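Here are the chains, one letter per residue:
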Amino acid sequence: MALSKLPNFELVGSTIVIPKNQEDNSFLEGLTRLEKEQLILHTGIKFRRVAPESDKIENYFQLGISQLLEQLNWEPSQIDVLICVTQSLQTPIPSFSCQIHGLMNFPLGTLCYDINSGCSGFVYGIHTVMSIMNSLSKANAKAILCCGDFSSQLIDKNDKSTLPIFSDAVSISGIEKKNTGMISHFNLETDGSGRNAIFLQDKTMKLNGIDVFNYSLKLVPNHLRELFKRAEIEFPEKEVVVFHQANKLINDSLIKRLNLDSNKVPSTLYQFGNTASASIPLSLGIYANKNSVTRAILCGFGVGFSLASALVYLSSDYKFCIIEK
Amino acid sequence: MQNSQKVSFSGFQALIASELMVLEANKISAQTQFRLLPNWSSLNALLLISKVNEIYGVFISSADLASLTTLEDLYELIAKNLDGVK
């Protein structure tokens, strides 16, 4: 396992941008009423957001960053690090982070690059951002982490096992170096033998539900236990545990396997589906708007097969909102 | 493994009947080809694999499942994994 710890960072806020267009799994074509009821019951997913084909993901990131900067009272000139985590159809040239840097008029001194990652991408992204900021000489560095995909554009509309799961969303999060003395902990792992559980073929995403289930249940419990050990959390009674929103069957099985209190494990599946690397900031933000959260356990797992968990700190004035485009 | 209890065929038969919503459990036997059962679907296959994992602590991969035909095949694979033979 790759265990890591980084001092003096806080998540200061997140903005989620989702398409206005919502689809309902109750109205899926080609399935009987019973099949649709079973699907919604076991995946936990009723509604999905689907971006119109003409929409560009970079415009969603741009809108979310503007909103976040306003919420945090940050100026574009203050941004030291911009990292984008996406798995769009093909790597754009130039990278998304350079495109967004241009759209936002960020300063010359902003470090930019993209990370190709999905379900575990938010946690990998936080680790990357914090590691970079830790190496910067600036005391109060500020970073923006963009995560998310238009998964609907990668799905064969006739694939009745993959179509009902994925939903489009992007998240934009602010991370700041602050002299709090608090230490964030990470566990970052990979099992490439699971690379065929979710993959792209002929520009279409293929998902093998049984293998994703097996890899998740085989790997995530011990992966998280290692993080708890490292962060000296005997059992997460106080902390919220935010899982990647895979599907209800997997997430409920993990809760059971780890004996977690399901009230402290938020789910946003019913309303928003599986939003890839945006699912953790989305679920954390909705929870943090209703509950006081000083620190949170995050756990992303999936495409790769990639695993990343973290104990991170939220600022006392953590800001969160969802906007529709 | 979460549960090391031995798997009896009648217990396994009852599990299949409930997971695949076979109303008359006595209609399925060791020789039943599970893919021909009326409610067999990718979702029900996943539910079955998750239930097998929950009850017996055994992981059945999609490749394993693809190589099997009858309920007896599946039952034997579970029993073999429980014994740690594999």
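Keep in mind the model is a prediction, meaning the values are calculated, not measured.

Undergrad: What should I look at first to understand the overall build of chain B in this one?
TA: Helix and strand counts for chain B stand at 4 helices and 0 strands. Ordered by position from N to C terminus, the α and β elements of chain B give α-α-α-α. Relative to its 86 residues, chain B shows a buried fraction of 45%. In the form shown here, chain B has an accessible surface area of approximately 4,400 Å², with 52% of it arising from carbon and sulfur atoms.

Undergrad: Is there a simple way to think about the overall build of chain A in this case?
TA: When helices and strands are counted, chain A shows 8 helices and 14 strands. Relative to a compact globule of 325 residues, whose C-alpha radius of gyration would be 20 Å, chain A shows 18 Å and is just as compact. If one aligns the C-alpha atoms of chain A with their principal axes, the spans along those axes are about 60 × 45 × 40 Å. A total of 325 residues make up chain A; the buried ones form 59% of that total. Restricting to contacts in chain A with at least 6 residues of sequence separation, those with at least 24 account for 80%. For chain A, the centre of its 30 positive side-chain charges and the centre of its 31 negative side-chain charges are spaced 2 Å apart.

Undergrad: Explain the environment of Cys 84 of chain A here, please?
TA: All names here are of chain A. Inspection of the secondary structure assignment puts Cys 84 in strand S5 (residues 81-86). We classify Cys 84 as buried; its relative accessible area is 0%. Separated by 23 residues in sequence, Cys 84 and Phe 61 have C-alpha atoms that sit 9.2 Å apart. Once residues lying within four places of it in the same chain are set aside, the contact partners of Cys 84 are Phe 96, Ser 97, Ile 100, Tyr 113, Asp 114, Ile 115 and Cys 146.

Undergrad: Please clarify how the pattern of salt bridges should be interpreted in this entry.
TA: Once their charged atoms are close, side chains differing in charge can pair, the charge on each being opposite to the other. Residue and element names in this part refer to chain A. All chains considered together, the criterion is met by 12 salt bridges over all chains. The partner of Arg 33 in a salt bridge is Glu 37, with the nearest N and O atoms 3.4 Å apart. One end of the pair, Arg 33, and the other, Glu 37, are both in helix H1 (residues 33-43), 4 residues apart, so they sit about a helical turn from each other. According to the relative accessible area criterion, Glu 37 is partly exposed, its value standing at 43%. Asp 252 is paired through a salt bridge with Lys 248; the nearest N and O atoms lie 2.7 Å apart.

Undergrad: I keep staring at the environment of Val 303 of chain A and nothing clicks. Help me out?
TA: Residues and elements named next belong to chain A. With respect to the helices and strands, the residue Val 303 is situated in the loop between strand S13 (295-302) and strand S14 (306-324). Residue Val 303 is classed as buried on the basis of its relative accessible area, which comes to 18%. Aside from chain neighbours lying at most four places away, what touches Val 303 is Gln 87, Gly 118, Cys 119 and Ile 198.

Undergrad: Honestly, the interface of chain A and chain B in this entry has me stumped. Any pointers?
TA: Frequently, the measure chosen for interface size is the accessible area that the parts lose on association. Contacts between chain A and chain B engage 15 residues on the former and 17 residues on the latter. A combined buried area of about 1,400 Å² lies between chain A and chain B, and 68% of that area is made up of carbon and sulfur atoms. Put simply, chain A and chain B have 1 salt bridge between them. Lys 256 of chain A is the partner of Glu 54 of chain B in a salt bridge, and the nearest nitrogen-oxygen pair spans 3.2 Å. Within the residue set of the side of chain A that touches chain B, elements represented by two or more residues are H1, helix H5 (209-230) and helix H6 (248-257) of chain A. Broken down by element, the residue count for the side of chain A that touches chain B peaks at 7 residues, all from H5 of chain A.

Undergrad: Mind showing me how you'd approach the packing of aromatic side chains here?
TA: All names here are of chain B. In total, this model carries 8 aromatic pairs over all chains according to the counting rule given. With centroids separated by 5.8 Å and ring planes inclined at 50°, the aromatic side chains of Phe 9 and Phe 12 adopt a geometry described as tilted. One end of the pair is Phe 9 and the other is Phe 12, both in helix H1 (residues 9-19) and 3 residues apart, which spans about a single turn. Relative to Tyr 75, the ring of Phe 9 lies with its centre 5.0 Å away and its plane at 85°, an arrangement referred to as edge-to-face. Here Tyr 75 lies in helix H4 (residues 71-82) and Phe 9 lies in helix H1, a separation of 66 residues in the sequence.

What counts, and at which threshold
- Residues numbered from 1 in each chain as written.
- Chains lettered and ligands numbered in written order.
- Predicted model: local features only at pLDDT ≥ 70, side-chain atom pairs only at ≥ 80, totals over all residues.
- Heavy atoms only, no water.
- Helix = DSSP H or I, 4+ residues; strand = E, 2+ residues; numbered from the N terminus.
- Buried < 20%, exposed > 50% of the residue type's maximum accessible area, 1.4 Å probe, protein only.
- Areas by Shrake-Rupley, 256 points an atom, 1.4 Å probe, with all protein chains shown as cover.
- Rg over C-alpha atoms; globule rule 2.2 N^0.38 Å.
- Contact = heavy atoms within 4.5 Å.
- Lys, Arg positive; Asp, Glu negative; His and termini not counted.
- Charge placed at Lys NZ, Arg CZ, Asp CG, Glu CD.
- Salt bridge = Lys/Arg side-chain N within 4 Å of Asp/Glu carboxyl O.
- Buried area = accessible area lost by both parts, 1.4 Å probe.
- Phe/Tyr/Trp six-rings, centres within 6.5 Å; stacked < 30°, edge-to-face > 60°.

Everything listed here is a matter of geometry and, on its own, says nothing about what the molecule does.
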